[in-house]
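A look at the structure
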Amino acid sequence: MQVQQIQTQPFSGQKPGTSGLRKKVVEFQQPGYLENFVQAIFNSVDGSGQTLVIGGDGRYYNRQAIQIIIRMAVANGFARLLIGQGGILSTPAASCVIRKYQACGGIVLSASHNPGGPDEDFGIKFNAANGGPAPEKMTEAFYQQTQQLQHYLTVEAEAIDLDQQGSQQLGNTQVEIIDPVADYADLMQSLFDFAAMKSLLSDGSFRICFDAMHAVTGPYASEILQNRLGAPAGSVINAQPLEDFGGGHPDPNLVHAHELVQRMQGEDGLDFGAASDGDGDRNMVLGRDFYINPCDSLAILAANAQSVPAYQQGIAGIARSMPTSRAADRVAKALGVDCYETPTGWKFFGNLLDAGKITLCGEESFGTGSDHVREKDGLWAVLFWLNLLAVKRQPVADIVRGHWQQYGRDYFTRHDYEGLDAEAAQQMMTRLRDRLSTLSGQAVADLQIEAADDFAYRDPVDGSESQAQGIRIYFEDGSRIVYRLSGTGTEGATLRVYLDSYQNDPGLLEQDPQQALATLISAADQIAGIKSSTGREQPDVIT
Ligand code: VG1
Ligand code: CO
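By convention here, each chain's residues receive numbers from 1 onward along its written sequence. Written order decides the labels, with chains lettered from A and ligands numbered from 1. Given that the model is predicted, a residue must reach a pLDDT of at least 70 before its local features are reported, and side-chain atom pairs must reach 80 or more before they are shown or counted; all residues, however, enter totals for whole chains, interfaces and linings. Calculated side-chain values reflect all of the structure's heavy atoms, with hydrogen atoms and water omitted.

**Looking at the site of ligand 1**
How we decide: Here a residue is considered near a molecule or strand provided that any single heavy atom belonging to it is located within 4 Å of it. N or O atoms within 3.5 Å of each other form a polar contact, as long as, within protein, one can give a hydrogen and the other can take it, and as long as residues adjacent in sequence are counted only when both atoms are side-chain atoms. Note that Gly is not counted as nonpolar here; it falls among the polar residues with everything else outside the nonpolar set of Ala, Val, Leu, Ile, Met, Phe, Trp, Tyr, Cys and Pro and the charged set of Asp, Glu, Lys and Arg.
Residues in close proximity to ligand 1 total 19 residues, the closest being T18, S112, S365, T488 and R496. T488 has a polar side-chain atom sitting 2.5 Å from an oxygen atom of ligand 1. Residues that form the shell around ligand 1 fall into these classes: no nonpolar, 10 polar and nine charged.

**A word on the nonpolar core**
Stated formally: Put simply, a nonpolar core is a bunch of buried Ala, Val, Leu, Ile, Met, Phe, Trp, Tyr and Cys residues held in one set by side-chain atoms that sit within 4.5 Å of each other. Think of it in three bands: residues with accessible area under 20% of the maximum for their type are buried, residues over 50% are exposed, and the middle band is partly exposed, with areas taken using a 1.4 Å probe on protein chains only. Numbering goes from the N terminus for both helices and strands, where a helix is a DSSP run of H or I of at least four residues and a strand is a run of E of at least two. Domain ranges listed in this record stem from an automatic or a database domain assignment. Here, two residues are considered to be in contact whenever any of their heavy atoms come within 4.5 Å of each other.
Judged by nonpolar contacts, the single largest core of 73 residues is most densely connected at F192, F272, W380, F384 and L386. With 11 residues, helix α13 (residues 378–392) is the largest single contributor of residues to this core. Of the residues that make up this core, three or more belong to each of domain 1 (3–179) and domain 2 (184–407). Those residues in contact with F272 that lie beyond four places of it in its chain are F206, R207, I208, C209, M264, V285, L286, V382, W385, L386, L389 and V396. Judged by nonpolar contacts, the second largest core, of 42 residues, contains I41, L81, F126 and I177.

**Points about the pattern of salt bridges**
Charged atoms that come close allow side chains of opposite charge to pair. The condition is simple: A pair is scored as a salt bridge if a Lys or Arg side-chain nitrogen falls within 4 Å of a carboxyl oxygen belonging to Asp or Glu.
Counted under the stated rule, the structure contains 33 salt bridges. Of the charged contacts in the structure, one is a salt bridge between D183 and K100, with a shortest N-O distance of 2.8 Å. Placement of D183 in helix α6 (residues 182–191) and of K100 in helix α4 (residues 91–100) is noted, with a sequence separation of 83 residues between them. The class of D183 is buried, set by a relative accessible area of 10%. Salt bridges linked by common partners bring R320, R326, D329, E341, D453, R472, R480 and D500 together as one network.

**Focus: the packing of α13 against helix α14 (residues 396–407)**
Our working definition: Interaxial angles span 0 to 180 degrees and are taken between N-to-C directions of axes, which are lines fitted to C-alpha atoms, for helices over the stretch in contact. Angle categories: roughly parallel below 35 degrees, roughly antiparallel above 145, roughly perpendicular from 65 to 115, and oblique for all the rest.
Between α13 and α14, whose axes approach to 11 Å, the crossing angle comes to 90°. Between α13 and α14, the angle is such that the two are roughly perpendicular. Contacts from W385, L389 and K392 in α13 reach V396, I399 and V400 in α14. The residue inventory of the contact of α13 with α14, partitioned by class, reads five nonpolar, no polar and one charged.

**So, unusual backbone geometry**
Despite not being glycine, M213 shows a phi value in the positive range, around 55°. One can find M213 in the loop between β10 (208–211) and α8 (217–228). Judged by its relative accessible area of 7%, M213 is buried. With a phi angle near 50°, D289 is a residue other than glycine that sits in the positive phi range. One can find D289 in the loop between β13 (283–287) and β14 (290–291). Classification of D289 by relative accessible area gives exposed; the value is 52%.

**Examining the coordination of the cobalt ion (ligand 2)**
We count it as follows: Donor atoms: N, O and S within 2.8 Å of the metal, or within 3.2 Å for Na, K and Ca. Because water is excluded, sites can look incomplete.
Distances from the cobalt ion (ligand 2) to its protein donors, S112 (OG), D277 (OD), D279 (OD) and D281 (OD), fall within 2.0 to 2.1 Å. Each donor residue of the cobalt ion (ligand 2) belongs to the same chain, with the gaps between them written as S-x164-D-x1-D-x1-D. Here S112 is found in the loop between β5 (105–109) and β6 (121–128), whereas its partner D277 is found in the loop between β12 (272–276) and β13, with 165 residues between them in sequence. When sorted by exposure, S112 lands in the same class as D277, which is buried.

**Quick notes on the domain arrangement of the chain**
Interfaces are often sized by the accessible area lost when the parts come together. Note the threshold: The term buried area refers to how much accessible surface (probe radius 1.4 Å) is lost by two components on association, counted for both of them together.
Under the domain assignment used here, the chain contains domain 1 (3–179), domain 2 (184–407) and domain 3 (409–542). Distance from the C-alpha centre of domain 2 to the C-alpha centre of domain 3: 26 Å. If you look at the interface, domain 2 gives 27 residues, while domain 3 gives 26 residues. At the boundary of domain 2 with domain 3, total buried surface from both sides reaches about 2,300 Å², with 53% on carbon and sulfur atoms. The tally of links between domain 2 and domain 3 comes to six salt bridges. Among the salt bridges present, the one from R480 reaches E341, with a minimum N-O distance of 3.5 Å. When residues of the side of domain 2 that touches domain 3 are traced back to their parent elements, those giving at least two are α10 (294–303), α11 (327–335), β16 (338–342), α12 (350–354) and α14. Here the side of domain 2 that touches domain 3 gets four residues from one element, more than from any other, and that element is α14. The class makeup of the residues in the side of domain 2 that touches domain 3 is 11 nonpolar, eight polar and eight charged.

**Details of the sheet that holds β13**
For the record, the criterion: Strands pair, by our definition, only if DSSP identifies at least two bridges between them.
The strand order across the open sheet formed by five strands is β11-β10-β12-β13-β14, and the pairing between neighbours is mixed. With partners counted over all chains shown, the strands left at the sheet margins are β11 (236–237) and β14, one partner each. Of the pairings in the sheet, the one linking β13 to β14 comprises two bridges and is antiparallel in character. Its bridge partner lying in β14, L286 is registered against Y291.

**Looking at the packing of aromatic side chains**
Stated formally: Here is the rule: rings of Phe, Tyr and Trp (six-membered ring for Trp) pair when centre to centre is within 6.5 Å. Planes less than 30 degrees apart are stacked, more than 60 are edge-to-face, and the remainder are tilted. Comment: the charge-over-ring label is applied if NZ (Lys) or CZ (Arg) is within 6 Å of the ring centre and within 35 degrees of the ring normal.
If you walk through the whole model with that rule in mind, you get 16 aromatic pairs. Measuring from ring centre to ring centre gives 5.3 Å for Y61 and F122, while their planes differ by 80°; the resulting arrangement is edge-to-face. On the criterion of sequence distance, the pair formed by Y61 in the loop between β3 (51–56) and α3 (62–75) and F122 in strand β6 is long-range, its members being 61 residues apart. With a relative accessible area of 0%, F122 lands in the buried category. Within the aromatic cluster, the residues linked to one another by ring pairs are F11, F28, Y33, Y61 and F122. The side chain of R409 reaches across the aromatic face of W404, ending 3.9 Å from its centre.

**A look at the side chain of R282**
Mapped onto the secondary structure, R282 falls in the loop between β12 and β13. Under the relative-accessibility criterion, R282 is labelled buried at 12%. At a separation of 3.4 Å, a polar atom in the side chain of R282 contacts the main-chain carbonyl oxygen of S365. Ignoring anything within four residues of it in the chain, the contact list for R282 reads S112, H113, D251, P252, A275, S276, D277, S365, F366, K376 and G378.

**Remarks on α14**
Put simply, the test is: Here the expected length of a helix is defined as 1.5 Å per residue gap, with one fewer gap than residues. The arc in question is the one traced by the directions running from the helix axis out to the C-beta atoms.
End to end, α14 covers 17 Å across 12 residues, agreeing with the expected 16 Å (1.5 Å per residue, within 8%). The set of residues buried in α14 consists of V396, A397, I399, V400, H403, W404 and Y407. All buried residues of α14 project into a common sector of 165° when viewed along the axis, lining one side. Exposed side of α14, more than 90 degrees from the buried face: Q405 and Q406 are the residues found there. Directly beyond the C-terminal end of α14, a positive phi value near 85° is found at G408.

As structure tokens, then:
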């Protein structure tokens, strides 16, 4: 099979963000655009004799992109390709498959929770041999390559039938279409007490709903919750992955998962509800009329880890992304284990997990995970909660309230300002950075600023450094504001403002977070001049 060298030109802006390269579909469809980025990966990761995993969240352009990548992987000398049937692999399942079959890495095609369709978003990310997102030095190497490439390598070949499981030879490469669900489902079964969960779910009195939002988790949730754990048919809704996610927004929050939210409400509300995002790595968990903040979820899972078979021996440590509330820190302290604070993005957890320094980790953005793979894992978090519920036989709300009574509550909210003028947003951040050293000691909205900095992280395992990861303002009463710009958007800039405050007065644990944080919210505007710099009166999304 003859390898062809096709001329290409460097494209500007192929710089991977928080989670890979994300652009509009039309950008990816430009001749050579996807090829340029894929060749940049293959120039940095030697494929000879190696296995590569390929799959995606099923969004528009997934299948076309996979055919291009197969031909290029063959031309670049990979020995074996493992591809999810139908082009499907959730992000955590890709991580699982990479690890299980000792692949040198995997290419996951996803723009996560961003909408899909011809006019919407597409994305590509590389996961390394440990199954985790490429660390910063690797993504930087990809970027350098994209700026210098003169040509890419490919072969001429018929399209592979992605819908048929089985193996075939293409040139010197063995191309295998695999069951995208089985390895992952087996892994889950090895971690959790499926017998206890089955008895909880199959007698019909404990009712659940999992909203797959027409994204990738449908087949996974149907197999695990319905087929293996005996939840009644219909427990998984919107289970069919669609190229445009049914026109919806596969973002598991109270706004976008409205169908699920409705089922949780009132006297007849379900006992447990959950939703996942486009590529299956995020989770939202709900009880009857009850929302669990992801920061609390991480803390509660950590506090109760020993009731789950996989974590029965205890946990080595916990990590959370910097903007995530400090609820997990309190649990770590009580357990006598370390707690690490990392920049936003799952890639920063990889070294800590590989080194055995942590067992559980999470982010405020509905991401929770453990050392079972190297990605955040939506369905894993759902199963963890179900395992706890099967053991405790208590309503979700009681478990969370009990946790607050014991540890106090970290009120948390995130305010997002989307689609801002990119330059204006940058300028606002720059002005704030320039004033950081003058802020401590100042009084704002009845609060006293204690310290302010721009978060810099030194990886405790390999010593690599990451600067400018978000501005942190600490107040004397222990509350905190964080400002950062998103690295996953495809239009303009998104400003994220994170606010959290600790409360341990047993009588003040049931407030609405927006009310409990009202003073801090107004301080956030006064300090950064959000309204005046962005021209926005309100955030677009509040979580
Ligand atoms: C967002 C979240 C971050 C998460 C990232 C990828 O990044 O804040 O916590 O790791 O998305 O998640 P940003 O830079 O937009 O704030 V996913 O589910 O899109 O892979
Ligand atoms: Co995601």
